[in-house]
Every structure is written in C-alpha cells, then in structure tokens.
Amino acid sequence: MKNLTLSQLLIKYPFITDYFEQNNLEIAGYENGTFEEYLRHFTREQIEDKALDIERLSSDLWIFIEQMESFLGIEKENEVRSLTILPGKDKYGNPEQFEKLTILPSQIISIVGPTGSGKSRLLADIEWTANADTPTGRSILINDQEPDRKWRYSSNNKLVAQLSQNMNFVMDLSVKEFIEMHAQSRMISNPEEVANKIIEAANKLAGENFTIDTPITSLSGGQSRALMIADTAILSTSPIVLIDEIENAGIDRQKALELLVSEEKIVLMATHDPLLALIADKRIVIKNGGIHAVLETSQEEKNLLNDFDKIDSVMRNARQKLRAGEILKKDELF
Ligand SMILES: Nc1ncnc2c1ncn2[C@@H]1O[C@H](COP(=O)(O)OP(=O)(O)OP(=O)(O)O)[C@@H](O)[C@H]1O
C-alpha cells in the first residue's frame, strides 16, 4: 500500500474515496504522488480532525487511518500490561460468580470445561475485546481501561494471535520465503537472521527437523504448528496468544509454552490435557457458558505435575521408538 500512487490507492480501496468525499478531502493535483506525499500538504491538526470520525469505519479504512497516524508520528500505546475479564452471564442468564480476573504478561491461564460449555466463546470474547456486546455480556479491559477500538479493527496491531489444531498452508513458498515475508511486513531489518532463529526454535518443538529450504506445503502437521508457534513467539507483535487444544499437535507442548512465555506473552489455552492444565498458574472452569470458578494451581497439583511429566516422557519415548521402527520393551520404558 505504501508504494501505490494516490489514484491506484483509490481504485484499490473505493471506500477511501467515500471517506475523502465525506470529509472534503481534495486530491486534485496529487493523483500521481504517493499517499505520504499527499498527506504532507495537511497540517497535523487538519488530519487529526479528519481522522476523528471513526465510529463507522471498516477495518480496511482503519489501516488507512493508521498510516495517517504513523505518518504524522502519532504514537498509540501498544503495550499490554494487563488483560482483565469482567463477568457477564451464562447460557441461562445467571450472573457469573467472579468479581474480575486480571492476567499479566508471561502468565499462562488454562480454560477447562466439558465440550460445548463455552471455552471457545471465552476466547472469542477476548479476541473481540467484548464490551458487553457479545452473547455472554462479558467485558474485556486492557491495562485496566476500556480497550482502544484499534484492537478490534487493526490488521497491523492484532491484540491476539490464535493457534489451533487445524493448520494448512496453500502457498507455494519455502519456509525461508514464508518467514522473510512476514518479517518484511513487520519492517524487521534482519529478516534472514530472524528466519534462522524461528526455524531453530521450531525444530526444538517438532519431532523431525526441517530446513530453511523446505516448502511449507510439505511440512507435517506437527512441523507446521511448531513453525507457527515459533513464528508467533518471535515475530508476532500480538501480546496475547489464544491456544485451542494443542494436545494432539505432535509437538513438545511444554517447550512450546515456555517459548511463548519467555517472549512475555499472555497465554490462554483451552485444554483437556491435565499436564497443560496444571502448567498454568490459574485455570478457568467453564460450565453452561459461564465462568464457574477461577482456581489457582495448588502446590499439591504442581507436585503432581512432576508425575504427569514422567508419564508423559514415557509416552514420548515410546512414540519416538515406534517411529524409529524399534520394538518396545517394558524395562526400557519405565
Ligand atoms: N454465556 C453464554 N451465553 C450464550 N451463549 C453462549 C454462552 N457461552 C457459550 N455460548 C454458546 O454456546 C455454544 C458452545 O460454546 P463453545 O463453542 O464456546 O464451546 P466449547 O467449550 O469451546 O466447546 P468444544 O470443547 O466442543 O470446543 C456456542 O454457540 C456459544 O456461542
């Protein structure tokens, strides 16, 4: 978008023409220049005035406003120091029984509850920065305040990165090209170095190593998720990561969480896996669409984690031996 002339930009995004007309923005004489060149003939106050009427703007137009703001050097605060969930109601209209839940960077919160109980709905409320305007009536605060609308609409500053079981690539690119493309869109000055760092981290999570030249379409399910997790941890600016059931993803789940947390992300994960549920500092229990309880992981549970980890490592070991074509022997496993 940056390199388009103003007239190309208006053809590509017709809604911008409407915006220009509604706000009496005259472009005659500037059609062949870039958008940035056009902006230079406004004063800062004029543009701030024009950009103020944002109530009805679509998400695409939000990108346009962001460009205006970044051109003018209007810095919006992007740092997320806390995420707060305020109670709403369950599927039967009963008020949720918690006062408020505040989550800080580097904290992991698990979400547990039966199938269909409303775990994904909670993740969706967070992604939409709900403001009592979803079926649950919950509200989300960022840094203790009603969130800036940019979190809903902006494509550059996504509040949330989602990781799920289903991940398919359809582009014909190598892993290197794929990561470098993402790095360039983030204006990273050393895309090659970042690509190597991401691949190294991803290979620590996945069973079988892949290289920088592997086509992304030939990555296995586990390798794709490992790549996405490493990419999200290292390159994504989204401060919150929502994970929907990665237990069967064929990756080292514990290392994946460690990687995300080391990058100061807020991690919420819906899970049925006891190991993952107990790694979290707290767990949200969902029942009938409502938050039924928020439990701190007790010391006794943390101790259990060691036992679960041992069981898990037996299973991992057995899996690896089977994969390598070995015959399993009980005394070699336990
Ligand atoms: N508080 C609520 N009020 C009204 N509807 C709700 C509420 N919570 C959840 N729902 C609705 O209930 C349905 C099931 O919820 P959801 O898909 O979030 O369940 P889930 O726990 O993620 O299930 P699964 O484990 O199968 O993924 C959805 O249609 C959701 O919108």
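Residues numbered from 1 in each chain as written. Predicted model: local features only at pLDDT ≥ 70, side-chain atom pairs only at ≥ 80, totals over all residues.

1. Describing the confidence of the model for the protein
Logical step 1: On average, residues of the protein carry a pLDDT of 83, and 80% of them reach 70 or more.
Logical step 2: Both scores are given for the predicted complex: the pTM is 0.73, the ipTM 0.94. (pLDDT = per-residue confidence, 0-100.)

2. Regarding the sheet that holds strand β2 (residues 101-103)
Logical step 1: The three strands lie next to each other as β2-β1-β4, forming an open sheet whose pairing is antiparallel. Only two strands of the sheet have a single partner each, and these edge strands are β2 and β4 (139-142). Averaged over neighbouring strand pairs, the angle between their axes works out to 20 degrees when direction is ignored.
Logical step 2: Relative to β2, strand β1 (residues 83-86) is paired through three bridges, and the arrangement is antiparallel. If you follow Thr84 over to β2, its bridge partner there is Thr102. (Pairing = 2+ DSSP bridges. Helix = DSSP H or I, 4+ residues; strand = E, 2+ residues; numbered from the N terminus. Axes fitted to C-alpha atoms, helices over the stretch in contact; angles between N-to-C directions.)

3. Here's the deal with the site of the ligand
Logical step 1: Around the ligand sit 15 residues in total, of which Gly118, Lys119, Ser120, Arg121 and Gly289 are the nearest.
Logical step 2: At three residues, the largest contribution of residues to the shell around the ligand is made by helix α6 (residues 119-127).
Logical step 3: Of the residues contributing to the shell around the ligand, the split by class is one nonpolar, nine polar and five charged. (Near = placed C-beta within 6 Å. Nonpolar A, V, L, I, M, F, W, Y, C, P; charged D, E, K, R; others polar.)

4. Digging into the packing of helix α10 (residues 221-234) against helix α11 (residues 253-262)
Logical step 1: Look at α10 against α11: their axes get within 8 Å of each other, and the N-to-C directions meet at 15 degrees. Here α10 is positioned roughly parallel relative to α11, judged by the angle of their axes. Seen along the crossing, α10 lies across α11 with a hand that is left-handed. Counted together, Ile229, Ala230 and Ala233 of α10 and Ala256, Leu259 and Leu260 of α11 form the full contact between these two elements.
Logical step 2: In the contact of α10 with α11, the residues fall into six nonpolar, no polar and no charged. (Parallel < 35°, antiparallel > 145°, perpendicular 65-115°, else oblique. Left-handed = near helix turned anticlockwise from the far one by under 90°. Contact = placed C-beta atoms within 7 Å.)

5. Observations regarding unusual backbone geometry
Logical step 1: One non-glycine residue, Ser106, adopts positive backbone phi at about 75 degrees.
Logical step 2: For Ser106, the location among the structural elements is in the loop between β2 and β3 (108-112).
Logical step 3: If you check the backbone angles, Asp144 has positive phi at about 70 degrees while not being a glycine.
Logical step 4: Structurally, the position occupied by Asp144 is in the loop between β4 and α7 (150-153).
Logical step 5: On the basis of neighbour counts, which here come to 11 C-beta atoms within 10 Å, the residue Asp144 falls in the exposed class. (Buried ≥ 20, exposed ≤ 12 C-beta atoms within 10 Å, placed from the backbone.)

6. Some points on the nonpolar core
Logical step 1: Within the largest apolar cluster, 61 residues are counted, with the highest numbers of intra-cluster contacts made by Ile198, Ala202, Ile229, Ala230 and Val267.
Logical step 2: Here this core takes seven residues from α10, the largest share from any one element.
Logical step 3: When residues are assigned to domains, this core turns out to be shared by domain 2 (79-159 + 238-297) and domain 3 (167-237), each giving three or more.
Logical step 4: If we ignore the near neighbours within four places in the chain, the residues touching Ala230 are Ile198, Ala201, Ala202, Leu205 and Leu259. (Core = buried A, V, L, I, M, F, W, Y, C linked by C-beta atoms within 7 Å. Domains from an automatic or database assignment.)

7. Considering α11
Logical step 1: Within α11, the full set of buried residues consists of Arg253, Ala256, Leu257, Leu259 and Leu260. For α11, the buried positions fall inside an angular range of 160 degrees around the axis, keeping them on one side.
Logical step 2: Where α11 is buried, its residues contact β3, α9 (191-205), α10, β6 (240-244), β7 (266-270) and α12 (274-279).
Logical step 3: Looking at the residues trailing α11, positive phi occurs at Glu264, about 65 degrees. (Arc of directions from axis to C-beta.)

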